[in-house]
Amino acid sequence: MTRSGIVVVMFFSIVAVGQTPPGAQGRKIGDFANVPEAPAYTLIRCGTAVDVKTNKVLHNVTIIVEKDRIRNLMEQTSRSVQEGTQVSARAGATVIELPDHTCLPGLIDVHTHALLQGDITAADYDKQLLKWSPEYRTILGTQSARKALEYGFTTIRDLETEGAGYADVDIKKAINAGVIPGPRMQVATRALDVTGAYPLLGYAPNVPVPHGVQVCDGADACRKAVREQIMYGADWIKVYSDRSYYIDPNPPAGISPTPVLNDIPTFTLDELRAMVDEAHRQRHKVASHATAYNGVHNSVEAGIDTIEHGDYISDADLKLMIQKGTYYVPTLYVGEYVAEGRAKAGAPVWLDMTKISADTFGRAVKAGVKIAFGTDAGGFDWNINPAVEFELRVKYGQTPAEALRSATVVASELLGMQKDIGTIEPGKLADIVAVKGDPLTDITAVEHVDFVMKGGVVYKKP
Ligand SMILES: [Zn+2]
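Residues numbered from 1 in each chain as written. Predicted model: local features only at pLDDT ≥ 70, side-chain atom pairs only at ≥ 80, totals over all residues. Heavy atoms only, no water.

Draft legend 1. Quick peek at the overall build of the protein chain. Regarding its fold elements, the protein chain presents 14 helices and 19 strands. Excluding contacts between residues fewer than 6 apart, the proportion of contacts in the protein chain whose partners are at least 24 apart in sequence is 69%. (Helix = DSSP H or I, 4+ residues; strand = E, 2+ residues; numbered from the N terminus. Contact = heavy atoms within 4.5 Å.)

Next comes the structure, spelled out in structure tokens:
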């Protein structure tokens, strides 16, 4: 671009900034210009609502929302009718009638990849890193975020950008600034893995290719990488603890149950400990992609906060997770989604892994490990509603109420946001969704969210 061209662009951008949108006087575009404002008062009348703390179903519920927060939730009594009438009589009160719906707290998915658009095979993945620019991937990522919100996920933890740098920080920023619609986000930025462990792999040594992670080797270098990611906006540190999964013909002595899904551990225990220490020192938490025996065991030993996938977890490690308060974020649907494609591409172990992960999930439920709801959305196409994960969780051992709690109360605790989200209670942010039917008897009802409110603002209505 010529020098005069630059001058012209700058001139127009100043004019554009000068045109203040309605209701945003004095604020600049991109700098919280368009944050949608919640009405002063909103009344939501729900046919039923689920109290996810007690599993109780409440009937004829009125939820009073004051700006972005819940003021009250009441079953139909003379007092609630009175308070509801008082509130709706005030100027500006908005009334939302959902007589045929069940209201729930906004759903939370603690394992997503907004920057990824499905990667059944290595070819799918390589294409996104080699042929799509980070800018194009970010545009698609804004669409993923909007879809997540419309599916009813009012909060997500996005667990790394898969080669798209710090684009998740920017998507979060754009959502918080009201530039695009999307859920509340905690982000992990680039993730960390060792040399030779993470795609893109298989290219000639003289051909430089991008990696889906930031590569670090050695405790000091990995500590530095943690510092760097936090400096650029990471809420979480994501590490990859294992790779190359196989059914171990000679499993370590005394490990139950068998068969043992084993792996090649990536980081050494020293490296993991250094990253956990640095993250915790800076009041950040660490999520570990740990699929099989070594990865899970080393992660729990190193004091990692959340185990992602955990297709195989030994009984001893489940016990250790309970002792240490480690969260387990299984991703059952994505395992089934990718299994056939990866088996056809030469890795039949993925078919065995679906059976092993179902068994692990059942044992974890029985043992009483803290299980949070995550899906790996982005690992499968964002046109598929990540809520399909709920049905598998119920199939493999949770009650519908437990599955719902994992995506609300438990997930909010994992994020450290339990004071603000996770239940419909006075004082919390008004993140509320509604579905037809009763999710406590048929969990697949949550695949059809008709109503979405985030922070008192309605994003979807029946
Ligand atoms: Zn993932």
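That shown, we press on.
Draft legend 2. Summary view of the side chain of asparagine 385. The topology assignment puts asparagine 385 in the loop between strand 16 (370-371) and helix 12 (388-395). Within polar-contact distance, the side chain of asparagine 385 engages the backbone nitrogen of alanine 387 at 2.9 Å. A polar side-chain atom of asparagine 385 sits 3.1 Å from the main-chain carbonyl oxygen of glutamate 447. What asparagine 385 contacts, discounting residues up to four positions off in sequence, is Tyr151, Phe153, Val446 and Glu447. (Polar contact = N/O pair within 3.5 Å; in protein donor to acceptor, adjacent residues only side chain to side chain.)

Draft legend 3. Representation of the confidence of the model for the protein chain in the model. On average, residues of the protein chain carry a pLDDT of 91, and 89% of them reach 70 or more. Low pLDDT (under 50) marks residues 1-24, which in the prediction has 8 contacts with non-local residues, meaning those over four places away or in another chain. (pLDDT = per-residue confidence, 0-100.)

Draft legend 4. Expanded view of the packing of helix 8 (residues 293-302) against helix 9 (residues 315-324). Their axes nearest at 10 Å, the elements helix 8 and helix 9 cross at an angle of 25 degrees. When the axis of helix 8 is compared with that of helix 9, the two are roughly parallel. The interaxial crossing formed by helix 8 with helix 9 has left-handed handedness. Of helix 9, the residues touching helix 8 (which contributes Tyr293, Val296, His297, Val300 and Glu301) are Asp317, Leu320, Met321 and Lys324. (Axes fitted to C-alpha atoms, helices over the stretch in contact; angles between N-to-C directions. Parallel < 35°, antiparallel > 145°, perpendicular 65-115°, else oblique. Left-handed = near helix turned anticlockwise from the far one by under 90°.)

Draft legend 5. How the structure looks around the pattern of salt bridges. Here the structure, examined in full by the defined rule, presents 19 salt bridges. Two residues, arginine 393 and glutamate 389, come together in a salt bridge whose shortest N-O distance is 2.9 Å. On the criterion of helical spacing, the pair formed by arginine 393 and glutamate 389 is a turn pair, its members being 4 residues apart in helix 12. For glutamate 389, a relative accessible area of 0% translates into the label buried. Bridged by salt links that share partners, the residues Arg223, Arg227, Asp277, Glu278 and Arg281 form one connected network. (Salt bridge = Lys/Arg side-chain N within 4 Å of Asp/Glu carboxyl O. Buried < 20%, exposed > 50% of the residue type's maximum accessible area, 1.4 Å probe, protein only.)

Draft legend 6. Focus on the coordination of the zinc ion. For the zinc ion, the full set of protein donor atoms is His111 (NE2), His113 (NE2) and Asp376 (OD), at a range of 2.0 to 2.2 Å. In terms of primary sequence, the donors binding the zinc ion are separated according to H-x1-H-x262-D. Residue classification places histidine 111 among the buried positions, given a relative accessible area of 0%. (Donors = N, O, S within 2.8 Å, 3.2 Å for Na, K, Ca; no water.)

Draft legend 7. Expanded view of the state of the cysteines. A complete count under the given rule lists 2 disulfides for this structure. Through a disulfide, cysteine 46 is tied to cysteine 103; the S-S separation comes to 2.1 Å. Sign of the S-S torsion, about -90 degrees for the bond between cysteine 46 and cysteine 103, identifies this disulfide as left-handed. Taken as a pair, cysteine 46 in strand 1 (residues 41-51) and cysteine 103 in strand 4 (residues 94-105) lie far apart in primary sequence, 57 residues in all. Accessibility classification places cysteine 46 together with cysteine 103 in one group, the buried group. Each sulfur in the disulfide pair cysteine 216 and cysteine 222 lies 2.2 Å from the other. (Disulfide = S-S within 2.5 Å.)

Draft legend 8. Geometry of the nonpolar core. In this structure, Leu192, Ile237, Val239, Phe267, Met275, Phe390 and Leu404 are the most contacted members of the largest nonpolar core, which totals 91 residues. It is helix 11 (residues 349-367) that provides the largest number of residues to this core, a total of 6 residues. Once you skip the residues sitting within four places of it in the chain, leucine 404 turns out to touch Val50, Leu104, Leu107, Phe390, Pro439, Leu440, Ile443 and Val446. Ranked by size, the runner-up nonpolar core spans 17 residues in total, among them Ile44, Val65, Ile424 and Ala434. (Core = buried A, V, L, I, M, F, W, Y, C linked by side-chain atoms within 4.5 Å.)

Draft legend 9. Helix 11, seen in detail. With 19 residues, helix 11 ought to run about 27 Å at 1.5 Å a step, and its terminal C-alpha atoms sit 26 Å apart, in line with that. Looking at helix 11, one finds that the buried residues are Val349, Trp350, Met353, Thr354, Ile356, Ser357, Ala358, Thr360, Phe361, Gly362, Arg363 and Ala364. Just past helix 11, the residue glycine 368 takes up positive phi, approximately 90 degrees. (Expected span 1.5 Å × (residues − 1).)

Draft legend 10. Local environment of the environment of valine 169. Tracing the sequence through the fold places valine 169 in helix 5 (residues 167-176). Taking the relative accessible area as the measure of exposure, valine 169 reaches 17% and is therefore buried. A C-alpha to C-alpha distance of 8.9 Å links valine 169 and methionine 185, two positions 16 residues apart in sequence. Beyond its immediate stretch of four places on either side in the chain, valine 169 contacts Val187, Thr189, Tyr232 and Gly233.

Draft legend 11. Representation of the packing of aromatic side chains within the structure. Evaluation of the coordinates by the stated rule reveals 10 aromatic pairs. Ring geometry for tyrosine 245 versus tryptophan 350: centroids 6.1 Å apart, planes at 80 degrees, classification edge-to-face. You can see tyrosine 245 sitting in strand 11 (residues 242-247) and its partner tryptophan 350 sitting in helix 11, a full 105 residues away along the chain. Exposure class is identical for tyrosine 245 and tryptophan 350. Each is buried. Of the aromatic side chains, those joined through ring pairs into one cluster are Tyr125, Tyr198 and Tyr240. Sitting above the plane of the tryptophan 236 ring, arginine 157 keeps its charged end 4.4 Å from the centroid. (Phe/Tyr/Trp six-rings, centres within 6.5 Å; stacked < 30°, edge-to-face > 60°. Lys NZ or Arg CZ within 6 Å of the ring centre and 35° of its normal.)

Draft legend 12. Fine view of the sheet that holds strand 6 (residues 153-158). Strand order in the open sheet formed by 3 strands is 5-6-7, with parallel pairing between adjacent strands. If you trace the sheet from one side to the other, it starts and ends with strand 5 (107-112) and strand 7 (184-187), each paired once. In this sheet, neighbouring strand axes are inclined to one another by 15 degrees on average, regardless of whether the strands run parallel or antiparallel. Two elements, strand 6 and strand 7, share 4 bridges in a ladder whose sense is parallel. For isoleucine 156, the partnering residue across the bridge sits in strand 7 and is methionine 185. In this fold helix 5 packs onto strand 6 and strand 7, with an angle of close to 160 degrees to the strand it touches most, strand 7. (Pairing = 2+ DSSP bridges.)

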